[in-house]
Amino acid sequence: MSLLFIALIGFIAYADTFHCSLHFDDEFLLIDNASLRHLGDLQGIWNFLPCRFIFYLTLALNYHFGKLHVFGYHVVNLLLHIVSAGMVWWFVLLTLASPVIKGTAAAPISKTKPSSKSKKAPAFIQFQGDPIAGHAPLIALLAGLVFVSHPLQTQAVTYIVQRAAALVTLFYVATLCFYAKSRLRQEQNPSGGSWKIYYAAALAADVMAMYSKEIAITLPLMILLYEFCFFNVKGKFPWAYLAPFLLTIFLIPGTMYLTRGIHHINSGDLANAMQGTTRVSSADYLLTQFRVIVTYIRLFFLPIHQNLDYDYRISKSLFESPTLLSFLLLCGVLYAAIRLFAKYRLLSFGIFWFFLSLGPESSIFPINDVIFEHRLYLPMAGLSLFIVAGVYYLVGRRSLRAMTAVLILIVAVNTALSYQRNKVWKDEFTLWGDTIQKSPHKARPYNNLGNAYLKEGKFDLAIKNFNKAIALDPAYAEPLVNLGLIYDHRGRWAKALSYYNKAIAANPHFAGAYDNRGSLYNEMGKIELALNDYNKAIGLDPRFAAAYNNRGYAYSEQLVWDKAISDFNQALALNPHLPQAYSGRGISYDGQGNFSQAILDLNMAIKLAPQNADSYFDRGLVYARHKNMDQAVRDFNKAAQINPNYANAYHNLGIIHFNQGKLAQALRDFDKALALNPRDAQAFNNRGVIHLRQGDLAGALADYDKALQISPDYADAFYNRGHVYILQIKFRRALADFNKAIALNRRNAGAYADRAAIYYQSQEFDKAWADIHEAQRLGAEVNPRLIQALKQASAMKKSP
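The structure displayed is predicted, hence computed values, not measured ones.

**Brief notes about the overall build of the protein**
- Within the protein one finds 41 helices and two strands.
- The C-alpha radius of gyration of the protein comes to 36 Å, more than 25% above the 28 Å expected for a compact globule of 800 residues.
- Relative to its full complement of 800 residues, the protein shows a buried share of 55%.
- The long-range share in the protein, meaning contacts at least 24 apart out of those at least 6 apart in sequence, stands at 65%.
- Put simply, the protein shows about 35800 Å² of open surface, and 60% of that area lies on carbon and sulfur atoms.

Spelled out as structure tokens, the structure:
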């Protein structure tokens, strides 16, 4: 019944969260994390971040069954939260049954060593126990309810990728539960073997915790503390019993050393994305944590003004008033825990739990973000025991009913606050809007709100927020890069380039900025500059798979297939689930004439990302080059179906339909392509060809004019417009266009042949013959009637 009540309160508090959107770290840890795409690829999941293998395995399970639909992720997060609360309930029950609390233990009266000559055993005094043990079911229930209902838990539950905090807490508390159960069984029946089952379960849960999140490194110390507080009453520790747990403390540092950390994320980029400022030193981080921990304590007792992204000033000296006062307050709390130890063991343990479990993230190991509410998820287990035991000692010993009423009121208020807080997590706009209200002078919330608008295509609002972020923190490179992306999308390459340059000036170690600038240079046709930037990005982050991928595409633009394939291989070695790399390698294999391997790679790209329109488009290109037009049309149509704004897919459909003689369909395709991308000069040129074929000279001329307005050096457009002028009997204009076409492309055999016809009309026979000879040299078939007419004209010219 107790567990059902805890589950009910948990469901009420989080009933409105099942459709909350993805947020913040969800993008690069879940959306962009290709290693989670295949549940069977345990090696890929392990390589992503080994010390959180269990956590990422749960995300892979979610993706396997529900892809990126948020409902399943939220269901699992809530279940983990409720089970964690259930573990807290069980942990409190077991603790209240421990020898010290229940009064079944005996301790030596004297602390002095007995004489070596004396054979008399030391005298023991029986512990009277704590009366709270007589109310264990109620105390455990209330502790579980405080844990499950507290609004500080919302960040770890509703923010999907903070599942790691809930998961490590579940295994952390489960380890202590199984440990306590094994010790109790051992105390009750030393000769029995049932304790070994719980002991093995405790070890297994310990290892699971270690590979859920790195904060589990304190678990062996917590077991030691727990043994000392509730079982060790005879002055010595069961070291042999504890040794396997103590050894697990080396799992996390050992794994970090052997695997060398994160495989897919550039840590410099991650730091920039997370904060945009320089990293905090260990000393400053520790000083700041004195104030942060006091804030955590305040939030526990008064959970209002919660904030995803606190604007927290870094402490530079212990003697700053807020820092010094916080330090003294924390010293006072620790002193109180020591003084309470003898008489109020539960209160003392709750305080020590809070400080020990918070240690990895609130000590000398600097993290870019000095404060986050989800870091209180594990400490909340100790605080829940503390608050319930505290209210019992203050009120419950006189009136159990009053104590229950007080705590139920706290749970009810916390549940309401949690429900209300969860509304903020509805989507990116509600979340970052709330954060901006509470941190109006911090740059990152504006940047993230700008990202939300960017995803919605609301570029003007995105620009406004990115500019605000830059105004608050000119050294924040990410909004500068984001502005570059917007102006790149709008075709304003010069402005995009200026923002990428500013981002690199603000943070010369931001590999992502070089990568994006390289992609812009690639669009601009400045392949060498693009390659330089990709090289720089890779130099800054040798594990930057996307940079290898993009450099591969640059090499493929140069038709340097061997280097392209080498880069795509490297990208896939770093991230075996990168569909773009398979597509690029497939195109490169096709460039080498290896059609079968090209199709294998393109099929793999589609298998990895079946909703990625680019992969279908690329495969369509390969099929089209090999004259398999039916399959090419299916792939281009599929690309357009997935992405109705895919202009190039319609463009290529237009080319195929034109070559098949389906002029009306081809015209519709080009109309659609140009509606989506009105700056596609080639599409205007191709549509002009259709208009010309249909006899619509005005339409053809308008399209060629537009193509040349967009791309003034477009040789084919000059050549095609020259044909229109010939049909309009505007030979001078036609001649000017053919001259321009030849100047831009001296291998345009058709232009020479058509110019020869104009020269014939103007009786410039020598020039006509010169153009005919050049056209024939280049492989063009010149109209035999033109040649015959020129021969006759030349003969007549020579005759007297």
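Alright, that's what it looks like, and here's the rest.
**Section: the environment of Glu764**
- As for its placement among the helices and strands, Glu764 is situated in the loop between α39 (749–761) and α40 (765–777).
- Residue classification places Glu764 among the partly exposed positions, given a relative accessible area of 29%.
- A polar contact of 2.9 Å, which involves the side chain of Glu764, links it to the side chain of Ser762.

**A closer look at the packing of aromatic side chains**
- Summed over all chains, the structure comprises 42 aromatic pairs.
- On the numbers, 5.2 Å between centres and 75 degrees between planes, the contact of Phe147 with Tyr377 is edge-to-face. Placement of the pair is Phe147 in helix α7 (residues 136–149) and Tyr377 in the loop between α17 (345–358) and α18 (379–396), with a sequence separation of 230 residues. Across the pair, exposure class does not vary: Phe147 and Tyr377 are buried alike.
- Ring centres of Tyr553 and Phe568 lie 5.1 Å apart, and the angle between their planes is 80 degrees; this geometry places the pair in the edge-to-face category. Taken together, the residues Tyr553 in helix α27 (residues 545–557) and Phe568 in helix α28 (residues 561–574) connect sequence positions 15 residues apart.
- Judged by its relative accessible area of 22%, Tyr553 falls in the partly exposed class.
- Overall, the relative accessible area of 0% leaves Phe568 in the buried class.
- Taken together, the ring pairs connect Phe91, Tyr172, Tyr226, Phe230, Phe231, Phe349 and Trp353 into an aromatic cluster.
- Of note, Arg345 hangs over the ring of Phe341, and the distance from its end group to the ring centre comes to 3.8 Å.
- In this structure, Lys468 packs its charged tip against the face of Tyr446, placed 5.8 Å from the ring centre.

**A few points about α27**
- For α27, built from 13 residues, the straight-helix expectation of 18 Å at 1.5 Å per residue is met to within 8% by its first-to-last C-alpha distance of 19 Å.
- Of all 13 residues in α27, 10 are buried; the element is thus mostly enclosed.
- Residues of α27 that are buried: Ala545, Ala547, Tyr548, Asn549, Asn550, Arg551, Gly552, Ala554, Tyr555 and Ser556.
- On its buried face, α27 sits against α25 (511–523), α26 (527–540), α28 and α29 (579–591).
- Of the residues flanking the end of α27, it is Leu559, one or two places downstream, whose phi is positive at about 65 degrees.

**Regarding the packing of helix α37 (residues 715–727) against α39**
- With their axes 11 Å apart at the nearest point, α37 and α39 run at an angle of 25 degrees to one another. The orientation of α37 with respect to α39, classified from their angle, is roughly parallel. Considering how the two elements wind past one another, α37 and α39 form a crossing that is left-handed. Contacts between α37 and α39 involve Tyr719, His723 and Ile726 from the former and Gly750, Ala751, Asp754 and Ile758 from the latter.
- Here the residues of the contact of α37 with α39 sort into four nonpolar, two polar and one charged.

**Regarding the pattern of salt bridges**
- With the rule as written, the count across this model stands at 26 salt bridges.
- A salt bridge links Arg687 to Asp703; the nearest nitrogen and oxygen atoms lie 2.8 Å apart. You can see Arg687 sitting in helix α35 (residues 681–693) and its partner Asp703 sitting in helix α36 (residues 697–710), a full 16 residues away along the chain. Accessibility classification places Arg687 together with Asp703 in one group, the buried group.

**Description of helix α11 (residues 219–230)**
- Compared with an ideal rise of 1.5 Å per residue, which puts 12 residues at 16 Å, α11 spans 16 Å between its outermost C-alpha atoms and is within 8% of the ideal.
- The buried fraction of α11 amounts to nine of the 12 residues, a majority that puts the element mostly inside the structure.
- The complete set of buried residues in α11 reads Leu219, Pro220, Met222, Ile223, Leu225, Tyr226, Glu227, Cys229 and Phe230.
- The elements touched by buried residues of α11 are α5 (70–96), α6 (99–102), α9 (163–188), α10 (194–210), α12 (239–247) and α17.

**A look at a nonpolar patch on the surface**
- A cluster of nonpolar side chains, namely Phe5, Leu8, Phe11, Ile12 and Ile408, defines an oily patch on the protein surface of about 420 Å² accessible area.
- Structurally, Leu8 is set in helix α1 (residues 2–13).
- Using a relative accessible area of 45% as the deciding quantity, one classes Leu8 as partly exposed.

**Digging into the side chain of Glu227**
- Along the polypeptide, Glu227 turns up in helix α11.
- Side-chain polar atoms of Glu227 contact the side chain of Tyr179, separated by 2.4 Å.
- Ignoring sequence-local partners within four residues, the contact set of Glu227 consists of Tyr179, Arg183, Asn232, Phe237, Pro238 and Leu242.

**Concerning unusual backbone geometry**
- One non-glycine residue, Phe24, lies in the positive phi region at around 55 degrees.
- Mapped onto the elements, Phe24 comes out in the loop between α1 and α2 (26–31).
- With relative accessibility at 13%, the residue Phe24 sits in the buried group.

**Thoughts on the nonpolar core**
- Counting residues in each nonpolar core, the largest one holds 191 residues, and the members touching the most others are Tyr56, Ile132, Leu176, Tyr226, Leu346, Phe349 and Trp353.
- Broken down by element, this core gets its largest block of residues, 16 residues, from α9.
- When near neighbours in sequence (up to four residues on either side) are disregarded, Leu176 contacts Phe91, Leu219, Met222, Ile223, Tyr226 and Trp353.
- If you look at the next biggest cluster of nonpolar residues, it comprises 46 residues, including Phe684, Ile690, Ala741 and Ala749.

**Details of the confidence of the model for the protein**
- Mean pLDDT over the protein: 91, with 94% of residues reaching 70 or higher.
- Low pLDDT (under 50) marks residues 114–119, which in the prediction has zero contacts with non-local residues, meaning those over four places away or in another chain.
- Contacts for the low-pLDDT stretch residues 261–277, under 50 throughout, to residues beyond four places or in other chains number 49 contacts.

**Some thoughts on the packing of α5 against α7**
- At a minimum axis distance of 8 Å, the contact between α5 and α7 shows a crossing angle of 150 degrees. When the axis of α5 is compared with that of α7, the two are roughly antiparallel. α7 is crossed by α5, and the crossing has right-handed handedness. From α5, His81, Ser84, Ala85, Val88, Trp89, Val92, Leu93 and Leu96 reach across to α7, where they touch Ala136, Pro137, Ile139, Ala140, Leu141, Ala143, Gly144, Phe147 and Val148.
- Looking at the contact of α5 with α7 residue by residue, the class counts come to 14 nonpolar, three polar and no charged.

**Comments concerning the state of the cysteines**
- Under the definition given, this model contains zero disulfides.
- In this structure Cys177 is not part of a disulfide, and its nearest cysteine sulfur, from Cys229, lies 16 Å away.
- Judged by relative accessible area, Cys177 falls into the buried class, the value being 0%.

**Brief notes about the environment of Phe230**
- Among the secondary structure elements, Phe230 is positioned in helix α11.
- Taking the C-alpha atoms as reference points, Phe230 and Phe386, separated by 156 residues in sequence, lie 15 Å from one another.
- Filtering out sequence-adjacent residues up to four positions away, Phe230 remains in contact with Thr95, Ser98, Pro99, Val100, Ile101, Arg345, Leu346 and Phe349.

Calculation rules
Residues numbered from 1 in each chain as written. Predicted model: local features only at pLDDT ≥ 70, side-chain atom pairs only at ≥ 80, totals over all residues. Heavy atoms only, no water. Helix = DSSP H or I, 4+ residues; strand = E, 2+ residues; numbered from the N terminus. Rg over C-alpha atoms; globule rule 2.2 N^0.38 Å. Buried < 20%, exposed > 50% of the residue type's maximum accessible area, 1.4 Å probe, protein only. Contact = heavy atoms within 4.5 Å. Areas by Shrake-Rupley, 256 points an atom, 1.4 Å probe, with all protein chains shown as cover. Polar contact = N/O pair within 3.5 Å; in protein donor to acceptor, adjacent residues only side chain to side chain. Phe/Tyr/Trp six-rings, centres within 6.5 Å; stacked < 30°, edge-to-face > 60°. Lys NZ or Arg CZ within 6 Å of the ring centre and 35° of its normal. Expected span 1.5 Å × (residues − 1). Axes fitted to C-alpha atoms, helices over the stretch in contact; angles between N-to-C directions. Parallel < 35°, antiparallel > 145°, perpendicular 65-115°, else oblique. Left-handed = near helix turned anticlockwise from the far one by under 90°. Nonpolar A, V, L, I, M, F, W, Y, C, P; charged D, E, K, R; others polar. Salt bridge = Lys/Arg side-chain N within 4 Å of Asp/Glu carboxyl O. Patch = residues over 30% accessible without salt bridge, like charges linked within 9 Å, V, L, I, M, F, W, Y side chains within 5 Å. Core = buried A, V, L, I, M, F, W, Y, C linked by side-chain atoms within 4.5 Å. pLDDT = per-residue confidence, 0-100. Disulfide = S-S within 2.5 Å.

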